[in-house]
2 protein chains.
Amino acid sequence: MEANQFKDFGKEMIDYVAGYLENIRERRVVPTVEPGYLRPLIPANAPEKPDKWEDVMSDIERVIMPGVTHWHSPRFHAYFPTANSYPAIVADILSGAIACIGFSWIASPACTELEVVMLDWLGKMLDLPKEFLACSGGKGGGVIQGTASEATLVALLGAKARAIDRVKKEHPKMKDADIVSKLVGYTSSQSHSSVERAGLLGGVKLRSLQPDETNRLRGETLENAIKKDLEAGLIPFYAVNTLGTTSSCTFDRLDEIGPVCNEYNVWLHVDAAYAGSAFICPEYRYLMKGIERADSFNFNPHKWLLVNFDCSAMWLKDPSWLVNAFNVDPLYLKHEQQGAAPDYRHWQIPLGRRFRSLKLWFVLRLYGIENLQAHIRKQIELAHYFESLVRSDDRFEITEEVIMGLVCFRLKETNHVNEVLLKRLNGRGVIHLVPSKIRDIYFLRLAICSRYTEKSDIDISWKEVKETANEILA
Amino acid sequence: MEANQFKDFGKEMIDYVAGYLENIRERRVVPTVEPGYLRPLIPANAPEKPDKWEDVMSDIERVIMPGVTHWHSPRFHAYFPTANSYPAIVADILSGAIACIGFSWIASPACTELEVVMLDWLGKMLDLPKEFLACSGGKGGGVIQGTASEATLVALLGAKARAIDRVKKEHPKMKDADIVSKLVGYTSSQSHSSVERAGLLGGVKLRSLQPDETNRLRGETLENAIKKDLEAGLIPFYAVNTLGTTSSCTFDRLDEIGPVCNEYNVWLHVDAAYAGSAFICPEYRYLMKGIERADSFNFNPHKWLLVNFDCSAMWLKDPSWLVNAFNVDPLYLKHEQQGAAPDYRHWQIPLGRRFRSLKLWFVLRLYGIENLQAHIRKQIELAHYFESLVRSDDRFEITEEVIMGLVCFRLKETNHVNEVLLKRLNGRGVIHLVPSKIRDIYFLRLAICSRYTEKSDIDISWKEVKETANEILA
């Protein structure tokens, strides 16, 4: 493809994308296709000779769109939001053109340096303690991971390295395998499934602790578990505190958990994947009280801060545990400026990395802090509006305090009736939700996901819920 | 940012990108900036109010470009190529607009299904054994990983799960930790650093075996190591066979290693990160002889097949080892079609994933197999052309057989002289190379990286090398 063709094709795609997003409400939010729908729509083999780009363009509506779940439709209320904005899309065009692999500083200094400064910008927007910021001149700093699941794993691996180092100093004859077999981490039974998975991937025990009756993990629960494990000869080394759980957007008591972790020398990782974006608004920072006790903190601008996936921001007070633990440094990756700037390959699981900070830069500049705050506040307001509609109907109940953009609700009926409600709702195809279950109580989760969502959209979603309930209860 | 602004901004970026790439030769390949260059060029904080997109546009040349290493310049000969093409850039615009997270089939059926079929297309282009292809109806299939390092780790984790399962069946009382402490994997000392790192991340022993005098790992060496470990009571479980090493693009003897792995029930992972793209040309498939013995195979279309990073293609004969080993399946991720199509979240380390198969689809269609083959053949031809220039100068020697697009060469002088040569060459700033060292012999690596590279560019690169050598030897 020549440059001139690219210009035509690229600009046509820009127009298509604007049209897609501005009219996304009109599409059925979840497709009706069955598994295997796509294969018969395209040839069984790649073409020998090039197709025309115009044919590729027209195949988007024929082949792709019938199978797309429209995450950016105001009718999409499942999971949590994933970000999408025009500035981020344009930034990714530039990132795709530069297409450097930023595994070391010299491999593209701008790629590393913009990331260092953007994580400072972002950290300051959240008022993170200066120990996390590179601009403070200490050890700390931020990095863009692909996903929160990788951040959780990276933190666990750092914690593991730190614990092994400490135990070896105390017991020089102890073997690594023996130490690892005694390591134990902690999290709430309400934390994200990727925390459990990080334990499996990292090959360590991870205890799933019971939160209190409001679903928040408490310091006392953690301390009791740690004490019991110490008595049994085990080595507590890692804890994950969730700020905004996936099931119900609940906040563990970081103010209690932090001191316990510090006292017992347990690495504290704070996972605020979804809710962390809200901390750019000062009025929500009470929810991260105690953050200064954490060793690592992570949230996803690619969820709620309008920066397209993948952009998971992670800060570490002391990245050297990671850098040193998995440092493989072949000659072909060495350079003369090593040590003067981070070589981010040591901070993450993969070796390669794209120029992802560009989209953070574009979004922060082209929205400005004020508009990003307004975006967060508006979405929370819309959640409260939906909450008020639910509360106005006696047949329903709200099952969890609404703090962010998620509303957990159910019919005051059996789990089965609520399962039928959800299935019927999703089957109608106007809106899309997923359920969850806490202490055997099944409920529906309605997340405000699209940056296009307006009050009138919430009215439509509520009308759907209400009408479907009418059908079922009739 | 409104849709109309996006259209202006996006189209201006398309023009900028075309201009950047078409004129990339004119830029200094590696920047002259020092660590810390970028911070003073931009404000210390994100703006409160939005900037103008025109200002962001003009900051690209002021802030970013002075610090970019131009991987797509024909003067860039470091590492291995990373892909960049117009069709892939346009596909990523669409991917950014759809911005679905494809962790399960229902989360966006098109995202999963196009990936399944594209990995079949690609697998057929390489003539992979049908056991690896989803279209054969067996267990096997392909997946897009972010990087080869993740593929290596994912394979290792699958191998670990399989080995633990097997040993537990034989010795039901053995504990996981005991089994893991006895696991041992194998690779060549010439394999990529990420293989060693996968061992560190996975918490298992990984032996670095010596290749033969032509730098290829041999079956006999592996078999001897396995036998020795079995005698010592250890459990061989995993081996990595590299096709095209990073240092010198050497091919381990897969035809010998495969049978050994199969005999001893060792999971064989084949890492063809760079060279795998060449297997779309039938004349290079002799290098993957024995591939039918492998359990997993990986190469990076994002290196040499014109699909922008991240697109690392991996095939597994039996993904169930992965799916079952790390399967965490919370209610909010369940759906009714589970089992009828892959839920790719189980195939990878992160939970989230972008719609990456779009760029594979666009590239395969808009180049066609013929043009992709022509691209590979041309780059190999250019490498041979550079080789012939080196051979024409008695002061130089070629240190490794040139098979793909990499030429390893050195002055017939001490390592020190060659180190000075490289430092001087890179310092002049016209071309960029990185070195490597095998058996204490230091050499320079010249990789053909840019899709813009022509014979005249190679003449310029050779002229640089020759003139610099003249200076040093004078």
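Worth saying up front: this structure is predicted, and the values here are computed from it rather than measured.

### Side note on the overall build of chain A
Here's step 1: Looking only at helices and strands, one finds 14 helices and 11 strands in chain A.
Here's step 2: For 474 residues, the compact-globule estimate of 2.2 N^0.38 gives 23 Å, and the C-alpha radius of gyration of chain A, at 24 Å, lies within 12% of that figure.
Here's step 3: Each principal axis of the C-alpha atoms in chain A carries an extent, and together these give about 65 × 65 × 45 Å.
Here's step 4: For chain A, the share of sequence-separated contacts (at least 6 apart) that also reach a separation of at least 24 residues comes to 74%.
Here's step 5: Total accessible area computed for chain A in this model is approximately 15800 Å², and 49% of it derives from carbon and sulfur atoms.

### Digging into the domain arrangement of chain A
Residue and element names in this part refer to chain A.
Here's step 1: Annotation of chain A at the domain level lists domain 1 (20-83 + 369-474) and domain 2 (101-354).
Here's step 2: Using only C-alpha atoms to locate each centre, domain 1 and domain 2 end up separated by 31 Å.
Here's step 3: Domain 1 puts 24 residues into the contact, and the matching count from domain 2 is 34 residues.
Here's step 4: Here domain 1 and domain 2 share an interface that buries about 2500 Å² over both sides, 64% of which is from carbon and sulfur atoms.

### Thoughts on the relation of the copies chain A and chain B
Here's step 1: With an RMSD of 0.0 Å, chain A superimposes on chain B once it is rotated by 180° and translated 0.0 Å along the axis. The superposition operator between the copies reduces to a two-fold rotation axis. In terms of proximity to the rotation axis, the leading residue of chain A is Lys11 of chain A, whose C-alpha is 2.8 Å off the axis.
Here's step 2: Most of the interface of chain A is mirrored in chain B, where 100% of its interface residues are also at the interface.

### Concerning helix H7 (residues 193-202) of chain A
Here's step 1: Most of H7 of chain A sits inside the fold, with eight of its 10 residues counted as buried.
Here's step 2: Taken as a whole, H7 of chain A has its buried residues at Ser193, Ser194, Val195, Arg197, Ala198, Gly199, Leu201 and Gly202 of chain A.
Here's step 3: Residues of H7 of chain A that are buried make contact with helix H5 (148-170), strand S2 (183-188), strand S3 (205-209) and strand S4 (235-242) of chain A together with helix H5 (148-170) and helix H7 (193-202) of chain B.
Here's step 4: Count one or two residues on from H7 of chain A and you reach Gly203 of chain A, which has phi positive near 70°.

### Focus: the nonpolar core
Here's step 1: Of all hydrophobic cores here, the largest spans 260 residues; its most connected members are Met13, Ile64 and Met404 of chain A together with Met13, Ile64 and Met404 of chain B.
Here's step 2: Apart from residues lying up to four places away in sequence, Met404 of chain A is in contact with Cys249, Phe251, Tyr274, Ala275, Ala278, Tyr284, Leu287, Trp304, Ile380 and Ala383 of chain A.
Here's step 3: Core analysis: the second largest hydrophobic core is formed by 65 residues, Val154, Ala163 and Val195 of chain A together with Val204 of chain B among them.

### A short note on the packing of aromatic side chains
Here's step 1: One pass over the full model with this rule turns up 40 aromatic pairs over all chains.
Here's step 2: Seen from their ring centres, Phe299 of chain A and Trp315 of chain A are 6.0 Å apart, and the 10° between their planes marks the pair as stacked. Here Trp315 of chain A lies in strand S7 (residues 312-316) and Phe299 of chain A lies in strand S6 (residues 296-299), a separation of 16 residues in the sequence. Assigned by exposure class, Phe299 of chain A and Trp315 of chain A land together as buried.
Here's step 3: Members of the aromatic cluster, connected to one another through ring pairs, are Phe9 and Trp53 of chain A together with Trp361 and Phe362 of chain B.
Here's step 4: The positively charged end of Arg445 of chain B is found above the aromatic ring belonging to Phe80 of chain B, 5.0 Å away from the centroid.

### Overview of the state of the cysteines
Residue and element names in this part refer to chain B.
Here's step 1: In this structure the tally under the stated criterion is zero disulfides over all chains.
Here's step 2: Here Cys249 stays unpaired: no disulfide links it, and the sulfur of Cys408, its closest cysteine neighbor, is 8.1 Å away.
Here's step 3: Residue classification places Cys249 among the buried positions, given a relative accessible area of 2%.

### Regarding the interface of chain A and chain B
Here's step 1: At the interface, 141 residues of chain A touch 141 residues of chain B.
Here's step 2: Here chain A and chain B share an interface that buries about 12300 Å² over both sides, 68% of which is from carbon and sulfur atoms.
Here's step 3: If you sort the residues of chain A by the area they bury against chain B, Arg197, Tyr332 and Arg365 of chain A come out on top, with a joint share of 7%.
Here's step 4: Viewed at the interface, chain B and chain A are joined by 12 salt bridges.
Here's step 5: When the shortest N-O distance is used, the salt bridge between Asp51 of chain A and Arg365 of chain B registers 2.7 Å.
Here's step 6: At the boundary of chain A and chain B, one finds 48 residue pairs in polar contact (both at pLDDT 80 or more).
Here's step 7: Sorting elements by how many residues they give to the side of chain A that touches chain B places helix H1 (residues 3-22) of chain A first, with 15 residues.

### Some thoughts on the sheet that holds S2 of chain A
Residues and elements named next belong to chain A.
Here's step 1: Spatial strand order, S1-S7-S6-S5-S4-S2-S3: seven strands in an open sheet with mixed pairing. With partners counted over all chains shown, the strands left at the sheet margins are strand S1 (141-145) and S3, one partner each. Going from strand to strand, the sheet's axes swing by 20° on average, the running direction of each strand aside.
Here's step 2: Sheet analysis places strand S5 (residues 267-271) next to S6, joined by three bridges and oriented parallel. Residue Asp271 lies in a different strand from S6, and its bridge partner there is Asn298.
Here's step 3: Packing of helix H9 (residues 254-263) onto the sheet brings it into contact with S4 and S5, and relative to S5 it is tilted by some 155°.

Rules of the game
- Residues numbered from 1 in each chain as written.
- Chains lettered and ligands numbered in written order.
- Predicted model: local features only at pLDDT ≥ 70, side-chain atom pairs only at ≥ 80, totals over all residues.
- Heavy atoms only, no water.
- Helix = DSSP H or I, 4+ residues; strand = E, 2+ residues; numbered from the N terminus.
- Rg over C-alpha atoms; globule rule 2.2 N^0.38 Å.
- Contact = heavy atoms within 4.5 Å.
- Areas by Shrake-Rupley, 256 points an atom, 1.4 Å probe, with all protein chains shown as cover.
- Domains from an automatic or database assignment.
- Buried area = accessible area lost by both parts, 1.4 Å probe.
- Least-squares fit on C-alpha atoms with pLDDT ≥ 70 in both.
- Buried < 20%, exposed > 50% of the residue type's maximum accessible area, 1.4 Å probe, protein only.
- Core = buried A, V, L, I, M, F, W, Y, C linked by side-chain atoms within 4.5 Å.
- Phe/Tyr/Trp six-rings, centres within 6.5 Å; stacked < 30°, edge-to-face > 60°.
- Lys NZ or Arg CZ within 6 Å of the ring centre and 35° of its normal.
- Disulfide = S-S within 2.5 Å.
- Salt bridge = Lys/Arg side-chain N within 4 Å of Asp/Glu carboxyl O.
- Polar contact = N/O pair within 3.5 Å; in protein donor to acceptor, adjacent residues only side chain to side chain.
- Pairing = 2+ DSSP bridges.
- Axes fitted to C-alpha atoms, helices over the stretch in contact; angles between N-to-C directions.

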